[in-house]
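# Architecture at a glance
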Amino acid sequence: MTVRLHWFLPTGGDGRTLVDRHAYGSNHTGANQAGPVPGVRPPDLEYLAQIAKAADHLGFEAVLTPTGTWCEDAWLTTMALAQHTQRLKFLVAFRPGLISPTLAAQMASTYQRLTRGRLLLNVVTGGDSAEQRRFGDRLDHDRRYARTDEFLSVVRGVWRGQPYDFEGAHYQVEGGLTALPPDPLPQVFFGGSSPAAGPVAARHADVYLTWGEPPAQVKEKIDWIRSLAAREGREVRFGIRLHTISRDSSAEAWATANRLLDDLDADTIAAAQTALGRSESVGQQRMLALHGGSRAELEIHPNLWAGVGLVRGGAGTALVGSHAEVADLIEEYHALGVEHFVLSGYPHLEEAYWFGEGVIPELASRGLVEGGARTGAPILVAGGR
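Okay, so let's go over this structure.

Definitions and limits used
Residues numbered from 1 in each chain as written. Predicted model: local features only at pLDDT ≥ 70, side-chain atom pairs only at ≥ 80, totals over all residues. Heavy atoms only, no water. Helix = DSSP H or I, 4+ residues; strand = E, 2+ residues; numbered from the N terminus. Rg over C-alpha atoms; globule rule 2.2 N^0.38 Å. Buried < 20%, exposed > 50% of the residue type's maximum accessible area, 1.4 Å probe, protein only. Contact = heavy atoms within 4.5 Å. Pairing = 2+ DSSP bridges. Salt bridge = Lys/Arg side-chain N within 4 Å of Asp/Glu carboxyl O. Core = buried A, V, L, I, M, F, W, Y, C linked by side-chain atoms within 4.5 Å. 1 Å grid on protein atoms, 1.4 Å probe; cavity = no way out; pocket = protein on both sides within 12 Å on 5 of 7 lines; lining within 4 Å. Points joined across faces, edges and corners; volume = space filled by probe spheres on them. Axes fitted to C-alpha atoms, helices over the stretch in contact; angles between N-to-C directions. Parallel < 35°, antiparallel > 145°, perpendicular 65-115°, else oblique. Nonpolar A, V, L, I, M, F, W, Y, C, P; charged D, E, K, R; others polar. Left-handed = near helix turned anticlockwise from the far one by under 90°. Arc of directions from axis to C-beta. Polar contact = N/O pair within 3.5 Å; in protein donor to acceptor, adjacent residues only side chain to side chain. Phe/Tyr/Trp six-rings, centres within 6.5 Å; stacked < 30°, edge-to-face > 60°.

Now for the overall build of the chain. Looking only at helices and strands, one finds 13 helices and 15 strands in the chain. For 385 residues, the compact-globule estimate of 2.2 N^0.38 gives 21 Å, and the C-alpha radius of gyration of the chain, at 20 Å, lies within 12% of that figure. Its C-alpha atoms put the chain at 65 × 50 × 45 Å along the principal axes. Expressed as a percentage of its 385 residues, the buried residues of the chain come to 54%. Contacts in the chain between residues far apart in sequence, at least 24 positions, make up 75% of those at least 6 positions apart.

The subject of this paragraph is helix α7 (residues 197-204). A large share of α7 lies buried, amounting to 6 of its 8 residues. Taken residue by residue, α7 has Ala-197, Gly-198, Val-200, Ala-201, Ala-202 and His-204 as its buried positions. Elements that come into contact with the buried residues of α7 comprise α6 (141-158), β9 (188-190), β10 (207-211) and α8 (215-231).

The subject of this paragraph is the pairing of strand β15 (residues 338-344). Within β15, 7 of the 7 residues are buried, leaving the element largely enclosed by the surrounding structure. Of the pairings in the sheet, the one linking strand β1 (residues 4-8) to β15 comprises 3 bridges and is parallel in character. The partner of Arg-4 across the bridge, within β15, is His-340.

This part is about the pattern of salt bridges. Counted according to the given criterion, the structure contains 20 salt bridges. For Glu-339, the salt bridge goes to Arg-237, with nearest N and O atoms at 3.7 Å. Residue Glu-339 is located in strand β15, and its partner Arg-237 is located in strand β11 (residues 237-247); the two are separated by 102 residues in the primary sequence. Residue classification places Glu-339 among the buried residues on the basis of a relative accessible area of 9%. With its nearest N and O atoms 3.0 Å apart, the salt bridge here joins Arg-366 to Glu-362.

Attention shifts here to the nonpolar core. The biggest cluster of nonpolar side chains holds 75 residues, and the ones touching the most others in it are Leu-5, Tyr-333 and Phe-355. Ranked by size, the runner-up nonpolar core spans 22 residues in total, among them Ile-245, Leu-261, Ile-269 and Ala-318.

With that settled, consider empty space enclosed by the protein. For the structure on display, the rule yields 1 cavity of 30 Å³ or more. Reported here for the largest cavity is a volume of approximately 60 Å³. Only α4 (101-114), β6 (119-123) and α6 provide two or more residues apiece to the lining of the largest cavity. Considering every element that reaches the lining of the largest cavity, the biggest residue donor is α6, with 4 residues.

Here we come to the packing of α6 against α7. Two numbers describe a pair of packed helices, the interaxial angle and the distance between the axes. In contact at an axis separation of 9 Å, α6 and α7 are set at 10 degrees when each is read in the N-to-C sense. In terms of orientation, α6 lies roughly parallel with respect to α7. Contacts between α6 and α7 involve Tyr-145, Thr-148, Asp-149, Leu-152, Ser-153 and Arg-156 from the former and Ala-197, Val-200, Arg-203 and His-204 from the latter. Grouping the constituent residues of the contact of α6 with α7 by class yields 4 nonpolar, 3 polar and 3 charged.

Take the packing of α7 against α8 next. Taken N-terminus to C-terminus, the directions of α7 and α8 make an angle of 60 degrees; their axes are 8 Å apart at the nearest point. Classified by the angle their axes make, α7 and α8 are oblique. Crossing geometry of α7 relative to α8 is assigned as right-handed. Counted together, Gly-198, Pro-199, Ala-201 and Ala-202 of α7 and Trp-224, Ile-225, Leu-228 and Ala-229 of α8 form the full contact between these two elements. Of the residues belonging to the contact of α7 with α8, the class tally is 7 nonpolar, 1 polar and no charged.

Here we come to helix α11 (residues 282-289). All of the buried residues in α11 are Gly-283, Gln-284, Met-287 and Leu-288. Along the axis of α11, the buried positions cluster into a sector of 140 degrees, meaning they face one direction only. The elements touched by buried residues of α11 are β10 and α10 (266-277). For α11, the capping residue at the N-terminal end is Ser-281, with a side-chain oxygen 3.3 Å from the backbone nitrogen of Gly-283.

A few words on the packing of aromatic side chains. The description of an aromatic ring pair rests on the distance of the ring centres and on the angle between the ring planes. Within this structure, the stated rule accounts for 8 aromatic pairs. Three or more aromatic residues joined by ring pairs form one cluster here, namely Trp-75, Phe-94, Tyr-111, Phe-151 and Tyr-171.

This part takes up the environment of Gly-337. Mapped onto the elements, Gly-337 comes out in the loop between α12 (323-336) and β15. It is 32 Å that separates the C-alpha atoms of Gly-337 and Ala-49, two residues lying 288 residues apart in sequence. Ignoring anything within four residues of it in the chain, the contact list for Gly-337 reads Met-1, Ile-222, Arg-226 and Phe-238.

Bringing the environment of Tyr-171 into the picture now. In this structure, Tyr-171 sits in the loop between β7 (164-167) and β8 (172-176). Each C-alpha atom, one on Tyr-171 and one on Leu-76, is 25 Å from the other, the two residues being 95 residues apart in sequence. Each residue touching Tyr-171, except ones within four places of it in the same chain, is listed here: Pro-96, Gly-97, Ile-99, Pro-101, Arg-147, Glu-150, Phe-151 and Phe-166.

To continue, consider unusual backbone geometry. A cis geometry characterises the amide bond from Asp-183 onward to Pro-184, with omega recorded as 0 degrees. Its location among the elements puts Pro-184 in the loop between β8 and β9. With an omega of -5 degrees, the peptide bond running from Tyr-346 to Pro-347 counts as cis. The phi torsion at Glu-297 lies on the positive side, around 55 degrees, for a residue other than glycine. You will see that Asn-303, though not glycine, has its phi angle at about 70 degrees, which is positive. The residue Asn-303 is located in the loop between β12 (299-301) and β13 (304-305) in this model.

Dropping the structure here:
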């Protein structure tokens, strides 16, 4: 089992700061700001194409594209970016309760043909009722997972290419099918830390994706999902979602992490923690528990830093250190059974290069990944680097 590396497309905007200005700044109600915010890059096609091309060049397998109020639509954005890349796959996040499962199966099939097999699916059930209501969804947390269970049953049934009937609490389908099933079938990435989520992952996920908790906690999750999948007669692979700050030396990396903290005043952290604390997501609550809203003791495991989670939802931890130290921690997770690493950094363009030119060759030297950056000629590196 080799390490499979993925990067992230910041379709909600990017920049040299951790502050999520959409969610917690003066623009949280959606009102237009007077002008551009210094240091924040809009998610226009030209900039996102730079990141996608960099990821393709550096050897990442795919890029994760998020879903939600504060970002561009993942399906449309990635289809546009597929025209700017050759090999890169797109891990498209979507919420299963917002569209018909038969339509989603058809969309995935079309996408797979038009991109020649470059689609991966990230199923996001949703842990924030306020966010769900913006899209007209009023189900509570556990019923959303029950609906996701039915949704994925229909999608996989429809992909068989024969008329498929389904009768459930949330969906009733008669003769559903995709006339031309996708080839290959898109892998389904799925996350969730609650008791309601585990059985759904066991029945449907190809890859169970967890946020970057310390290795001991990740092992507990892996053991939990493996046992549930075994009862279903299935095997599930595992992935982890992390940020990364890698540099030529450990001191440089930690200096960068500390600089990111400089933007975070007490009021910004408090506003973010209040908003995130309302989330129904068990995974989000586990992220918050790693730091408790405090700047103190943010290195929660050697080279694992919880500073991102002070102000940002979702993945709240980062790999921080020299290229070798970051590779060490990846190797530690990999030894537990983690195969897929979905990474990001601020800004995403520059951090893709720091990781791709620093950590990927280190992982390749250990036999954990195949090759490194896709280049036309060997790179000569001066001694002493």
